[in-house]
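Here is how the chains run, residue by residue.
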Amino acid sequence: MSTVGKAASLLELFSMAEPEIGLSELARRANLNKATTRRLLVALAEHRLVEQAAGTRHYRLGAGLSRLARIRDANFPFARIATPVLQDLAAATGETVHLSEFSGGALFTVGVELSAQANRVNVDAGQILPLHGTASGIAFLAFTTPDFVAAYLAKRLEAFTSHTLTAREKVAEQVRLAAERGYSVSAQGYSEGVHSIAAPVLGPDGHAVGALSVAAPLSRVDDAVATVQGEAVMRAAREIAARLNGEPLTRARSRPS
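Residues numbered from 1 in each chain as written. Predicted model: local features only at pLDDT ≥ 70, side-chain atom pairs only at ≥ 80, totals over all residues. Heavy atoms only, no water.

Enquirer: Sorry if this is basic, but what is going on with the overall build of the chain here?
Expert: The helix and strand inventory of the chain stands at 9 helices and 9 strands. Against the globule reference of 18 Å for 257 residues, the chain gives a C-alpha radius of gyration of 19 Å, in line with a compact fold. In terms of its C-alpha atoms, the chain occupies a principal-axis envelope of roughly 55 × 40 × 35 Å. Sequence-distant contacts in the chain: of pairs separated by 6 or more residues, those separated by 24 or more amount to 56%. Carbon and sulfur atoms make up 52% of the accessible area of the chain, which amounts to about 13,100 Å² in all. Computed over 27 positive and 24 negative side-chain charges, the inter-centroid distance for the chain is 6 Å. (Helix = DSSP H or I, 4+ residues; strand = E, 2+ residues; numbered from the N terminus. Rg over C-alpha atoms; globule rule 2.2 N^0.38 Å. Contact = heavy atoms within 4.5 Å. Areas by Shrake-Rupley, 256 points an atom, 1.4 Å probe, with all protein chains shown as cover. Lys, Arg positive; Asp, Glu negative; His and termini not counted. Charge placed at Lys NZ, Arg CZ, Asp CG, Glu CD.)

Take a look at the structure:
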């Protein structure tokens, strides 16, 4: 892995659940020695991409990332444009709604509206979603290029629960169904007890740039509820695409076979 790749891998270890991490733990998780990890952190700190908390001396993400995020949001305001739609969908379904964006080969959670109910699914902003194990990922695969789908399915597919689909043929079948239906369905593919439905957010070329998902406790979803949620998430995803692109897009121009 290149030096840049190693530095980036350190940044990706931080999360909403763990905003601060010590040097030794960062080195362990990144599978790097402490000297290399310290050197990378010093370089990142010089560019304000990480900083040390005064009390613990643990590392956390720096203000430089916020500056870069503001620049990107000014040019591609995906999450900001989508926020009102997420809020409306969460209110309509009563469940947690999250938006993901595809970047650098992965889906990143960029917006979350939590359900107001006590028993709810919690999703963290910044969470990386596996394409084969989540409804969001399947929806994305159903509306991206066939070449990308083929390359992704050629990899080893990790199991996250006992329900995760890891056989290439079964994942491909779910992708096909999602392409026909317009939305994907996943029950416990990534988290036990969680049912998710997702639709793609399409870019100007008619291919997915991300996905919108409704996540609910499995106990609250039956076939009728799933159908209602599927229709609602498709409408919301089309609304986001229309706001983002300036014109309504309802189907991809090229779907995987």
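Enquirer: What is the right way to look at the side chain of Ser184 in this model?
Expert: Tracing the sequence through the fold places Ser184 in strand E7 (residues 184-187). What makes Ser184 buried here is its relative accessible area of 1%. At 2.5 Å, the side chain of Ser184 and the backbone oxygen of Ala135 are in polar contact. Residues in contact with Ser184, not counting those within four places in the same chain, are Ala135, Ser136, Ile138, Ala139, Ala178, Ser196, Ile197 and Ala198. (Buried < 20%, exposed > 50% of the residue type's maximum accessible area, 1.4 Å probe, protein only. Polar contact = N/O pair within 3.5 Å; in protein donor to acceptor, adjacent residues only side chain to side chain.)

Enquirer: So what exactly am I meant to see when it comes to the sheet that holds strand E3 (residues 59-61) here?
Expert: In sheet architecture, strand pairing relies on hydrogen bonds along the backbone and comes in two forms, parallel and antiparallel. Judged by pairing direction, the sheet is antiparallel, and its 3 strands sit side by side in the order E1-E3-E2 without closing on themselves. If you trace the sheet from one side to the other, it starts and ends with strand E1 (20-21) and strand E2 (50-52), each paired once. Pairing geometry for E2 and E3, over 3 bridges, is antiparallel. Bridge pairing links Glu51 to Arg60 in E3. (Pairing = 2+ DSSP bridges.)

Enquirer: For this particular structure, what's the right way to read unusual backbone geometry?
Expert: Leaving glycine aside, a negative phi is the common case for residues, and trans is the common case for peptide bonds. Its identity as a non-glycine residue notwithstanding, Arg48 has a phi of 60°, on the positive side. Looking at where Arg48 falls in the secondary structure, it is placed in the loop between helix H3 (34-46) and E2. In this structure, Gln188 takes a positive phi of about 65° despite not being glycine. Mapped onto the secondary structure, Gln188 falls in the loop between E7 and strand E8 (194-202). When its relative accessible area of 14% is taken as the criterion, Gln188 is described as buried.

Enquirer: Would you mind showing me how to read helix H8 (residues 168-181) here?
Expert: Think of an α-helix as turning once every 3.6 residues; residues three or four places apart then point the same way. Spanning 14 residues, H8 covers 20 Å between terminal C-alpha atoms, matching the ideal 20 Å at 1.5 Å per step. Of the residues making up H8, those classed as buried are Val171, Val175, Ala178 and Ala179. One face of H8 carries all of its buried residues, which in axial projection span an arc of 100°. Turned more than 90 degrees from where H8 packs its buried face, Glu169, Lys170 and Glu180 sit exposed. Looking one or two residues beyond H8, the residue adopting positive phi is Gly182, at roughly 95°. (Expected span 1.5 Å × (residues − 1). Arc of directions from axis to C-beta.)

Enquirer: Just checking my understanding: could you explain the confidence of the model for the chain for this structure?
Expert: Note that predicted coordinates carrying low pLDDT should not be read in detail. When pLDDT is averaged across the chain, the result is 91; 95% of the residues are at 70 or more. When the criterion is pLDDT under 50, residues 249-257 qualifies, and its contacts beyond four places in sequence or with other chains add up to 31 contacts. (pLDDT = per-residue confidence, 0-100.)

Enquirer: In this structure, what is going on with the environment of Ala135? I would like to understand it.
Expert: Within the element layout of this structure, Ala135 appears in helix H6 (residues 135-142). Its relative accessible area of 2% is what places Ala135 among the buried residues. Separated by 51 residues in the primary sequence, Ala135 and Ser186 place their C-alpha atoms 5.0 Å from one another. If we skip the residues at most four places from it in the chain, Ala135 touches Ser184, Ser186, Ser196, Ile197 and Ala198.

Enquirer: Where do I start with H3 in this structure?
Expert: With 13 residues, H3 extends 18 Å from end C-alpha to end C-alpha; this agrees with the ideal 18 Å at 1.5 Å per step. Among all positions in H3, only Thr36, Thr37, Leu40, Leu41 and Leu44 are buried. In a view along the axis of H3, the buried residues occupy a sector of 130°, so they form one face of it. Residues of H3 that are exposed and angled more than 90 degrees away from the buried face: Arg39 and Glu46. Structurally, H3 contributes buried residues whose contacts are with helix H1 (3-11), helix H2 (23-30), E2 and E3. Sitting at the head of H3, Asn33 places a side-chain oxygen 3.2 Å from the backbone nitrogen of Ala35. One or two positions beyond H3, positive phi appears at Arg48, with a value near 60°.

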